[in-house]
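Summary of the model geometry
Here are the chains, one letter per residue:
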Amino acid sequence: MSQPAASPALPAGLPVFPGSLSASGQPATLGVMGGGQLGRMFVHAAQRLGYFTAVLDPDPQSPAGQVSHHHVQTAYGDQQGLSQLAALCAAITTEFENVPADALQTLGLSRPVAPGAAAVAIAQDRILEKARLSACAALSGVHCAPYAVIESAAQLQAVAPDLLPGILKTARMGYDGKGQVRVGNAAELAAAWAELKGVPCVLEKRMPLKSECSVIVARGWSGEVVSFAPQRNVHVDGILAVTHAYEGNVPAALAARAQAATESIASQIRYVGVLCVEFFVVDDGSAQGGLIVNEIAPRPHNSGHYTVDACDVSQFDLQVHAMAGLSLPRPRQHSPAIMLNLLGEVWFDAQGQARTPDWQAVLALPGTRLHLYGKLEARAGRKMGHINITGSALAGPAGVLATARRVADILGLPGLDALS
Ligand code: ATP
Ligand code: MG
């Protein structure tokens, strides 16, 4: 069977077409570093196209490892594990932003890796991330919140008073609000930095948030870019609780700016793969508010989970397409949607007794789709699954909002009333 000619920008070995066989006669295998829920949904998307999959994750029960053809159970930096993954796979991606950039670099010596080590390294270090996002602002048109780097006592002393009140964030290993301390004045800042053991940090001015949104973009090896419209996100205790994905969720002019800025950032950092850019909508005295870029995630994102049920191609489909060198179709959202995250709390009643959530009542509601990640133990704050609620495009968001409220009431979920 003849195959379309490869674009000259594609690395050797790409495209990996669906249905193609490797030299050993097995279906071509796509690999992912990390075995969490994002990896699991990547595996589902890759397998739908007939690929075999390989996951590298040390946890024998990892959500993605459970459903993958191959599971390499080693630490992320283990040279043997990396060799094994490279030997199995035609191309490799990541679902976990704290995979050592060195490991991606090693894999990149023998296999196409998207996103590459350099792009992931930006997201792993807030200091580098802020610098790159600031440098992108000339073309993206969207700036970061005012900030200062704190790596030394001298830098701590030199912090400009107008950065306070602020949020002190560790440069590395932060997620779901971890490694962050809110500080009101210079004394609290000094105490917080000491509490964080003097590790490199960024102090960000606390912004008057009207709302938060994010944009998911996919960029291919040849530089083609497609993106989803912005989602509006509601966080509770620093963890995403609710994503609103329908027309009017964000003022139209801001939505257009956020989407254009995201595509610009992806191109400027020469990103390949799926990238999420998080934004703040801040109160700047104008009716609709101003836009600030917060951070990037070098992978599909929790705020894009609705795309699986509400769009003709999901963020995970685009991740597969991008890494394998396939065409990137422009995604089309066919239904308004709300995503509700399910944290471990849902598995406990008000007295702290373990319970099975009332799935019967939830699943009886039209338009609800339950996604559970196969995690064996529910713990407070642990992401166990999510529910996508979709409705008719003609009825608009009112229908999905009403259903989402009923789901939230049944399960006792937070976040829906706060900003909607
Ligand atoms: P995640 O990886 O889960 O997105 P994170 O731990 O990397 O989160 P941030 O996105 O930096 O952290 O911050 C978490 C949340 O804290 C934001 O979504 C926002 O609600 C709030 N926040 C962070 N920075 C600021 C700021 N400068 N001003 C006001 N609120 C902020
Ligand atoms: Mg964030």
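Residues numbered from 1 in each chain as written. Chains lettered and ligands numbered in written order. Predicted model: local features only at pLDDT ≥ 70, side-chain atom pairs only at ≥ 80, totals over all residues. Heavy atoms only, no water.

**Overview of the side chain of His321**
Looking at where His321 falls in the secondary structure, it is placed in helix H10 (residues 315–324). For His321, a relative accessible area of 16% translates into the label buried. Polar contacts involving the side chain of His321 include one to the main-chain carbonyl oxygen of Ser327, which spans 2.7 Å. (Helix = DSSP H or I, 4+ residues; strand = E, 2+ residues; numbered from the N terminus. Buried < 20%, exposed > 50% of the residue type's maximum accessible area, 1.4 Å probe, protein only. Polar contact = N/O pair within 3.5 Å; in protein donor to acceptor, adjacent residues only side chain to side chain.)

**Digging into the packing of helix H1 (residues 37–48) against H10**
Running from N to C, H1 and H10 point in directions that differ by 70°, and their axes come no closer than 8 Å. Between H1 and H10, the angle is such that the two are roughly perpendicular. You can see that H1 and H10 cross each other, and the crossing is right-handed. Counted together, Leu38, Met41, Phe42, Ala45, Ala46 and Arg48 of H1 and Phe316, Asp317, Gln319, Val320 and Met323 of H10 form the full contact between these two elements. (Axes fitted to C-alpha atoms, helices over the stretch in contact; angles between N-to-C directions. Parallel < 35°, antiparallel > 145°, perpendicular 65-115°, else oblique. Left-handed = near helix turned anticlockwise from the far one by under 90°. Contact = heavy atoms within 4.5 Å.)

**Let's talk about helix H8 (residues 252–268)**
Spanning 17 residues, H8 covers 24 Å between terminal C-alpha atoms, matching the ideal 24 Å at 1.5 Å per step. All buried positions along H8 are accounted for by Leu254, Ala255, Ala258, Ala261, Thr262, Ser264, Ile265 and Ala266. Considering only its buried residues, H8 is in contact with helix H5 (126–140), strand S10 (209–219), strand S14 (273–282) and strand S15 (290–297). Two residues or fewer after H8 comes Arg270, characterised by a positive phi angle close to 50°. (Expected span 1.5 Å × (residues − 1).)

**A short note on the nonpolar core**
Membership of the largest hydrophobic core comes to 27 residues, with the highest contact counts inside it found for Leu275, Val277, Phe279, Leu291, Val293 and Ile296. Elements with a contribution of two residues or more to this core: helix H4 (117–124), H5, S10, H8, S14 and S15. Element by element, the count of residues in this core is highest for H8, at six residues. If near-sequence neighbours (up to four positions away) are discounted, Val277 is found in contact with Cys213, Ser214, Val215, Thr262, Ile265, Val293, Glu295 and Ile296. Counting 25 residues, the second-largest nonpolar core is a separate cluster that includes Val32, Val320, Met323 and Ala324. (Core = buried A, V, L, I, M, F, W, Y, C linked by side-chain atoms within 4.5 Å.)

**With respect to the coordination of the magnesium ion (ligand 2)**
In ideal tetrahedral geometry, four donors around a metal make angles of 109.5 degrees, whereas ideal octahedral geometry with six donors gives angles of 90 or 180 degrees. Surrounding the magnesium ion (ligand 2) are the protein donor atoms Glu278 (OE) and Glu295 (OE), which sit 2.0 to 2.2 Å from the metal. Linking Glu278 in strand S14 with Glu295 in strand S15, this pair joins segments that are 17 residues apart in sequence. On the basis of relative accessible area, Glu278 is assigned to the buried category, the value being 13%. (Donors = N, O, S within 2.8 Å, 3.2 Å for Na, K, Ca; no water.)

**Focus: the domain arrangement of the protein chain**
Taken domain by domain, the protein chain comprises domain 1 (146–205) and domain 2 (209–418). For domain 1 and domain 2, the distance between their C-alpha centroids amounts to 29 Å. (Domains from an automatic or database assignment.)

**Focus: the packing of aromatic side chains**
What the rule picks out here adds up to two aromatic pairs. Taken together, a centroid distance of 5.3 Å and an interplanar angle of 40° make the contact between Tyr76 and Phe96 tilted. Placement of Tyr76 in the loop between strand S3 (70–72) and helix H2 (79–88) and of Phe96 in the loop between strand S4 (91–94) and helix H3 (101–110) is noted, with a sequence separation of 20 residues between them. On the basis of an interplanar angle of 65° and a centroid distance of 5.6 Å, the ring pair of Trp347 and Trp359 is categorised as edge-to-face. (Phe/Tyr/Trp six-rings, centres within 6.5 Å; stacked < 30°, edge-to-face > 60°.)

**A word on the pairing of strand S1 (residues 29–33)**
In terms of burial, S1 is a largely internal element, five of the five residues being buried. Judged by which residues are buried, S1 turns out to be covered on both faces: Thr29, Gly31 and Met33 on one side and Leu30 and Val32 on the other are all buried. Pairing of S1 with strand S2 (residues 52–56), which is carried by five bridges, proceeds in the parallel orientation. Looking at the pairing, Val32 lines up with Val55 of S2. Taking the sense of rotation as the criterion, the β-α-β connection linking S1, H1 and S2 turns out right-handed. Bridge count between S1 and S4: four bridges; the pairing is parallel. By the bridge assignment, Gly31 is partnered in S4 with Ile92. (Pairing = 2+ DSSP bridges. Right-handed = clockwise from strand over helix to strand, strands pointing away.)

**A word on the pairing of strand S9 (residues 201–205)**
Across the five residues of S9, four count as buried, placing the element largely inside the fold. One ladder, built from four bridges, connects strand S6 (residues 147–150) with S9; its direction is antiparallel. Paired with Ala148 across the two strands is Leu203, which belongs to S9. By the bridge criterion, five bridges tie strand S7 (residues 166–170) to S9 in an arrangement that is antiparallel. Considered in S9, the bridge of Ile167 is made with Glu204.

**A look at the sheet that holds S4**
Read across the sheet, four strands follow the order S3-S2-S1-S4 without closing on themselves; strand pairing throughout is parallel. With one partner strand each, in any of the chains shown, S3 and S4 form the two edges of the open sheet. Direction aside, neighbouring strands of the sheet carry axes that sit 20° apart on average. As paired strands, S2 and S3 are joined by three bridges and run parallel to one another. Bridging from a neighbouring strand, Ala54 pairs with His70 of S3. Contacts from H1 reach S1, S2 and S4 within the one sheet, and its direction differs from that of S1 by about 170°.

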